[in-house]
Amino acid sequence: MKEIRDILLAFDRHQQSGKKMAMATVVHVEGSSYRQPGARMLVTEDGELTGAISGGCLEGDALRKARLAMAQNQNLLVTYDTTDDDDAKLGVGLGCNGIIHILIEPINTENPNHPIQLLKEAQRQRHKAVVVTLFNWQDRKAEQPGSCLLLTQHGQPYSTSLDKTLEEAVLADAREALEIGHSQIKSYSEAAPLTGFVQVLKPTVSLVICGAGNDVMPLVNMAALLGWETTVVDGRANYATAERFPMANRVLVAKPPQVLPQVMVDDHTVFLLLTHNYNYDLAILRQVLPLPLPYVGVLGPKKKLTRMLEELQDEGIEMTEEMLQKVFGPTGLDIGAEASEEISLSILAEIKAVLSQRAGTFLRDKQEPIHTRGINLNLASFSSI
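Everything numeric in this text was worked out from a predicted model, so none of it was measured.

Caption draft 1: Broad picture of the overall build of the protein chain. A tally of regular secondary structure across the protein chain gives nine helices and 16 strands. Each principal axis of the C-alpha distribution contributes one length, and for the protein chain these read about 70 × 45 × 45 Å. Taking as baseline every contact in the protein chain between residues at least 6 positions apart, the subset at least 24 positions apart corresponds to 61%. Of the charged side chains in the protein chain, 36 are positive and 47 negative; the average position of the first set lies 3 Å away from that of the second.

Caption draft 2: Up close: the sheet that holds strand β14 (residues 269-273). Strand order in this open sheet of six strands is β13-β12-β11-β14-β15-β16, and the pairing throughout is parallel. Strand pairing shows two members of the sheet lacking a second neighbour, β13 (250-253) and β16 (327-328), which therefore form its edges. Judged from the five bridges that link them, strand β11 (residues 206-210) and β14 form a sheet pairing that is parallel. By the bridge assignment, Cys 210 is partnered in β14 with Leu 273. Running at roughly 155 degrees to β14, helix α6 (residues 278-288) makes contact with β11, β12 (229-234), β14 and β15 (295-298) of the sheet.

Caption draft 3: Expanded view of the packing of helix α5 (residues 217-226) against helix α9 (residues 340-355). Contact geometry for α5 and α9: axes closest at 9 Å, N-to-C directions at 45 degrees. Comparing their axes, α9 and α5 come out oblique. Considering only the axes of α5 and α9, their crossing is right-handed. Across from Pro 218, Leu 219, Met 222, Ala 223 and Leu 226 in α5, the residues of α9 making contact are Ser 340, Glu 341, Ser 344, Leu 345, Ile 347 and Leu 348. Across the contact of α5 with α9, the residue classes tally to eight nonpolar, two polar and one charged.

Caption draft 4: Structural context of the UniProt feature "domain: XdhC Rossmann" (unreviewed entry) in the protein chain. Taking the UniProt record as the reference, the feature "domain: XdhC Rossmann" (unreviewed entry) is found at residues 207-351. Between the C-alpha atoms that bound residues 207-351 the distance is 10 Å, and the span itself is 35% helix and 17% strand.

Caption draft 5: Molecular detail of the sheet that holds strand β3 (residues 49-51). Overall, antiparallel pairing links the five strands, which are arranged β3-β2-β1-β5-β4 in an open sheet. Both edges of this open sheet fall to β3 and β4 (76-81), since each of them pairs with a single strand only. Each strand of the sheet is rotated relative to its neighbour by a mean of 20 degrees, with strand direction disregarded. Sheet analysis places strand β1 (residues 21-31) next to strand β2 (residues 40-44), joined by five bridges and oriented antiparallel.

Caption draft 6: Representation of the layout of surface pockets. When its volume is computed, the second largest pocket comes out at roughly 590 Å³. Looking at the second largest pocket, it is lined by 24 residues, and the ones nearest its centre are Asn 75, Glu 143, Gln 144, Pro 145 and Ser 147. Those elements that provide at least two residues to the lining of the second largest pocket are β5 (98-106) and β7 (146-152). When the residues that make up the lining of the second largest pocket are grouped by side-chain class, the tally is nine nonpolar, eleven polar and four charged.

Caption draft 7: Here's a closer look at the nonpolar core. Membership of the largest hydrophobic core comes to 26 residues, with the highest contact counts inside it found for Phe 271, Ile 284, Leu 285, Leu 289 and Val 296. If you list the elements that add at least two residues to this core, you get β11, β14, α6, β15 and α7 (302-314). Ranked by the residues each element gives to this core, the list is headed by α6, at six residues. Contact partners of Phe 271, with chain neighbours within four places excluded, come to Val 208, Cys 210, Leu 260, Val 265, Ile 284, Val 288, Leu 293, Tyr 295, Val 296 and Gly 297. Core analysis: the second largest hydrophobic core is formed by 20 residues, Val 205, Leu 207, Ile 209 and Ile 351 among them.

Conventions used here
Residues numbered from 1 in each chain as written. Predicted model: local features only at pLDDT ≥ 70, side-chain atom pairs only at ≥ 80, totals over all residues. Heavy atoms only, no water. Helix = DSSP H or I, 4+ residues; strand = E, 2+ residues; numbered from the N terminus. Contact = heavy atoms within 4.5 Å. Lys, Arg positive; Asp, Glu negative; His and termini not counted. Charge placed at Lys NZ, Arg CZ, Asp CG, Glu CD. Pairing = 2+ DSSP bridges. Axes fitted to C-alpha atoms, helices over the stretch in contact; angles between N-to-C directions. Parallel < 35°, antiparallel > 145°, perpendicular 65-115°, else oblique. Left-handed = near helix turned anticlockwise from the far one by under 90°. Nonpolar A, V, L, I, M, F, W, Y, C, P; charged D, E, K, R; others polar. UniProt positions renumbered as here; feature names shortened; annotations may be inferred. 1 Å grid on protein atoms, 1.4 Å probe; cavity = no way out; pocket = protein on both sides within 12 Å on 5 of 7 lines; lining within 4 Å. Points joined across faces, edges and corners; volume = space filled by probe spheres on them. Core = buried A, V, L, I, M, F, W, Y, C linked by side-chain atoms within 4.5 Å. Buried < 20%, exposed > 50% of the residue type's maximum accessible area, 1.4 Å probe, protein only.

This is the structure we're talking about:
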């Protein structure tokens with residue numbers, strides 16, 4: 001979501017300058033690729049790029065194609081086939097061994113539901129949303145409808161001028177994707193066969209760090225690089241200051257009972273207990289254990305967490321397996337971290353692994369592909385109209 005936020009900020013800046021723009025979106029990948037479906041890049045007529053659709057291999061050619069799309073004011077589907085050993089035919093050296101389909105959409109700001117506006121609506125609230133992008137991968141010269149529908153978790157769908165029957169089918173698939181929480185590829189059969197990239201956009205990770213010591217500083221800075229929303233909380237007013245944590249979204253001075261009323265908690269909120277104060281951490285743990293959080297990290301040795309859980313049990317709090325599964329103490333992956341920067345890296349890596357439902361193992365030891373192959377143009381579960 002950081003990439004989308006960067007694109008939205010860049011769009012506003014370029015719009016004020018009166019620049020023409022286009023958005024390039026990876027809509028499908030067959031085989032291996034550096035970026036996966038949903039990767040986006042904003043392109044201006046004078047060549048400024050925000051976001052990325054590859055590791056740097058495709059951007060130059062995509063810029064040329066984007067300028068063509070802007071000049072013609074027409075969506076353009078570009079396919080890069082790197083399965084041929086002689087990928088010099090493309091003029092780029094990808095080395096990915098995959099086929100990447102990229103849709104380029106000129107931004108017409110007179111259209112109230114242009115692609116950037118749909119993304120803005122998706123970002124407006126901290127809820128899941130679905131954006132559907134239609135394209136014709138079988139005939140790249142055919143009309144490419146592009147970003148056509150947005151469905152938010154708590155709102156009416158936004159859509160472009162689709163045929164009623166097509167819109168009903170697309171909306172049904174968007175609702176299904178929103179329900180299961182995973183992006184999908186769907187097929188629609190009408191006058192021209194269309195494929196839909198039904199993308200689920202999830203809220204930005206909200207990282208609540210209880211503790212404002214010096215060891216938290218690199219943690220906040222690294223989280224900012226990831227685009228996470230960070231809140232630093234501490235009961236010590238001389239520690240919890242905006243001057244000490246300029247990269248944090250919020251800095252709060254609060255005792256444990258005052259924390260939760262000031263923090264919005266959802267299923268994309270994670271807590272870290274790093275105060276080095278046993279009683280403060282215990283008080284926060286008491287409050288967050290019953291909440292539907294995906295991750296609660298506790299700094300310190302395992303015996304510290306064991307003691308805390310035993311105290312809470314003695315208070316009459318029933319420890320369910322669900323509660324215990326989300327508590328990680330000591331927090332962080334085992335990477336041999338010593339310095340605060342290394343510890344921060346291990347903590348953020350563990351949080352990312354948990355949120356992605358991965359084990360955090362060596363990629364070289366994986367027998368299956370790195371990226372899930374759940375989105376495939378040959379799925380038998382295609383919908384049709």
